[in-house]
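Next come the chains, spelled out residue by residue.
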Amino acid sequence: MKRDVPYKTYLAENEIPTQWYNVRADMKNKPAPLLNPGTLEPMKAEELYPVFCEELVKQELDNDTPFFDIPQEILDFYYMYRPSPLVRAYFLEKALDTPAKIYYKFEGNNTSGSHKLNSAIAQAYYAKKQGLKGVTTETGAGQWGTALSMACAYFDLDCQVYMVKCSYEQKPFRREVMRTYGAKVTPSPSMTTQIGQKILKEHPGTTGSLGCAISEAVEVAVGSEGYRYVLGSVLSQVLLHQSVIGLEAKAAFDKLGVKPDMIIGCAGGGSNLGGLISPFMGEKLRGEADYQIIAIEPASCPSLTRGKYAYDFCDTGMVCPLAKMYTLGSDFIPSANHAGGLRYHGMSSILSQLYDDGLMEARSVEQTSVFEAATQFARVEGILPAPESSHAIRAAIDEALKCKETGEEKTILFGLTGTGYFDLVAYEKYNEGSMSDYIPTDADLEKSLSKLPKVDK
Ligand SMILES: Cc1ncc(COP(=O)(O)O)c(C=O)c1O
């Protein structure tokens, strides 16, 4: 096979970024501030300190500082599994017979199996530095909970995870990994919190959602001395930590003398996509380069493509601050699709603003076509992809096939966020032909959208 560039490009250890990049610094229209749900005024740092670690609150509220130094302890941990490779998908290109050049940035090469470790280790570090006993969190697919349990074990912190019930049941082995790293894992909604009891009363038999699990984790953190809540996506601080993905990808491309035309990522709460695109979007915002950027979401939970850009609660229990974002309504509970990490009702306020400003696009894809792409990819590139990541694979394949029709030699980069070894129940359903594609009707969406809080901002 003729190869223009190596199959895998790794940075040297001393080329791994030592600062995170904050794309908000280059945004003309800043993401809208978090609001206090009582007063509807922008949240002040002091109001957030009881919920989040102090240093993370500062990162959350900082729209202006372009670069943050990555503390040495976090870098030391990054060296265990970073850099991640930038891979040229020669075998996929050949199978598709496309003139497109396809690259992926593979973040699944660590025990947690996904990109989530990049922010987990940062959040655990700041919790430890503040002298906390432990943290609480939610997890959907289980990758974030796994990553956080690893990070907490490393810094000797207690870790309590509320895991969305359908994932808890579908992925018992994911749960055991978390417990092996010392985390306590509870299926959500649960009877262990007031909000869980309320949700179960209103929606008996619910399979849960990230929004429910967040409410439970926040309730426990706020009510327990020496604990704070940490979140694996959506928040601007998480996108900041995940910028390490994009910075590495950009440095590897620069080394190869290649510039992508198109950047594709799956979007749940927006952290991998936000991290992957950050330095490229920075160039776009500063007028230095242009890229086509595409967010891919499941048709069953289409916050960007069918949601409203409005202030909404980040959680089902309505205990968190209000965020302005593309949302399906905090009451929306998506059908039990197999990409547990893409079942969140809202989207990062940074990505929401960039999307609203027309700086990126969004598409939704159906579950069976996602698994078709996942299978095709696994058979030629060798990696068994996570269902979430496979949304990006679907779109990358579709774009490469378009290039085949037009003869264009576009360079496509997509984020391969994780591996799917704990998602074999989903693969089993696909292989048996029993996987379904549930797409919410307009009436389904209207039900939760009609309950958006009335905020005149
Ligand atoms: C492998 C993987 N990819 C993507 C996501 C989506 O999250 P985000 O949009 O924050 O990157 C998740 C979330 O759990 C995940 O586990």
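All values reported here derive from a predicted model rather than from experimental measurement.

Procedures and definitions
Residues numbered from 1 in each chain as written. Predicted model: local features only at pLDDT ≥ 70, side-chain atom pairs only at ≥ 80, totals over all residues. Heavy atoms only, no water. Pairing = 2+ DSSP bridges. Helix = DSSP H or I, 4+ residues; strand = E, 2+ residues; numbered from the N terminus. Axes fitted to C-alpha atoms, helices over the stretch in contact; angles between N-to-C directions. Contact = heavy atoms within 4.5 Å. Buried < 20%, exposed > 50% of the residue type's maximum accessible area, 1.4 Å probe, protein only. Domains from an automatic or database assignment. Buried area = accessible area lost by both parts, 1.4 Å probe. Polar contact = N/O pair within 3.5 Å; in protein donor to acceptor, adjacent residues only side chain to side chain. Near = heavy atom within 4 Å. Areas by Shrake-Rupley, 256 points an atom, 1.4 Å probe, with all protein chains shown as cover. Nonpolar A, V, L, I, M, F, W, Y, C, P; charged D, E, K, R; others polar. Parallel < 35°, antiparallel > 145°, perpendicular 65-115°, else oblique.

One open sheet accounts for 4 strands, arranged 8-7-6-9; its pairing is parallel. Of all strands in the sheet, those bounded by a partner on one side alone are strand 8 (184-188) and strand 9 (227-229). The sheet shows a mean angle of 20° between the axes of neighbouring strands, direction not considered. Pairing geometry for strand 7 (residues 158-164) and strand 8, over 5 bridges, is parallel. Residue Val164 lies in a different strand from strand 8, and its bridge partner there is Ser188. Contacts from helix 6 (residues 143-155) reach strand 6 (134-139) and strand 7 within the one sheet, and its direction differs from that of strand 6 by about 165°. The strands touched by helix 10 (residues 210-223) within the sheet are strand 6, strand 7, strand 8 and strand 9, with strand 6 carrying the most contacts at an inclination of about 165°.

Glancing now at the pairing of strand 6. When you tally the buried positions in strand 6, you get 6 out of 6 residues, the bulk of the element. Side chains of strand 6 alternate between two faces, with Gly134, Thr136 and Glu138 and Val135, Thr137 and Thr139 buried alike.

For the rest of this paragraph, the subject is the domain arrangement of the protein chain. Reports of interface size often rely on the accessible area that becomes lost once the parts have come together. Along its sequence, the protein chain is organised into domain 1 (8-15 + 82-113 + 239-449) and domain 2 (22-69 + 116-236). For domain 1 versus domain 2, the distance between C-alpha centres works out to 21 Å. Listed by partner, the interface residues are 54 residues for domain 1 and 59 residues for domain 2. Summing both partners gives a buried area of about 4500 Å² for domain 1 against domain 2, and 62% of it is carried by carbon and sulfur.

The next point concerns helix 14 (residues 349-356). The buried count for helix 14 comes to 7 of 8 residues, which makes it a mostly enclosed element. Of all the residues in helix 14, the buried ones are Ser349, Ile350, Leu351, Ser352, Gln353, Leu354 and Tyr355. As for helix 14, its buried residues are in contact with helix 11 (236-256), helix 12 (271-285), helix 13 (303-306), strand 12 (308-313), strand 13 (322-327) and strand 14 (361-365). Taking the backbone nitrogen of Ile350 as reference, a side-chain oxygen 3.1 Å away marks Ser348 as the first, capping residue of helix 14. Downstream of helix 14 by a residue or two, Gly358 has a phi angle that is positive, lying close to 75°.

A few words now on the site of the ligand. What surrounds the ligand is a group of 17 residues, the closest being Ser233, Gly268, Ser271, Asn272 and Thr417. At 2.8 Å from an oxygen atom of the ligand is found a main-chain nitrogen or oxygen belonging to Gly270. Burial of the ligand by the protein amounts to 98% of the accessible area it has alone, namely 400 Å². Of the residues in the shell around the ligand, the class split is 4 nonpolar, 11 polar and 2 charged. Taken domain by domain, the shell around the ligand gets at least three of its residues from each of domain 1 (8-15 + 82-113 + 239-449) and domain 2 (22-69 + 116-236).

What follows concerns the packing of helix 9 (residues 194-202) against helix 10. Between two packed helices, what matters for the description is the angle formed by their axes and the separation of those axes. Remark: helix 9 packs on helix 10, axes separated minimally by 8 Å, with the N-to-C direction vectors making an angle of 150°. The orientation of helix 9 with respect to helix 10, classified from their angle, is roughly antiparallel. Of helix 10, the residues touching helix 9 (which contributes Gln194, Ile195, Gly196 and Ile199) are Cys212, Ser215, Glu216 and Glu219. Of the residues assigned to the contact of helix 9 with helix 10, the class counts are 3 nonpolar, 3 polar and 2 charged.

In this section: the environment of Trp144. When you line up the elements, Trp144 lands in helix 6. For Trp144, a relative accessible area of 4% corresponds to the buried category. As for Trp144 and Ala120, which are separated by 24 residues in sequence, their C-alpha atoms are 7.5 Å apart. Setting aside anything within four residues of it in sequence, one finds Trp144 in contact with Lys116, Ser119, Ala120, Gln123, Thr137, Glu138, Thr139, Val230, Leu231 and Gly232. Polar contacts involving the side chain of Trp144 include one to the side chain of Thr137, which spans 2.7 Å.

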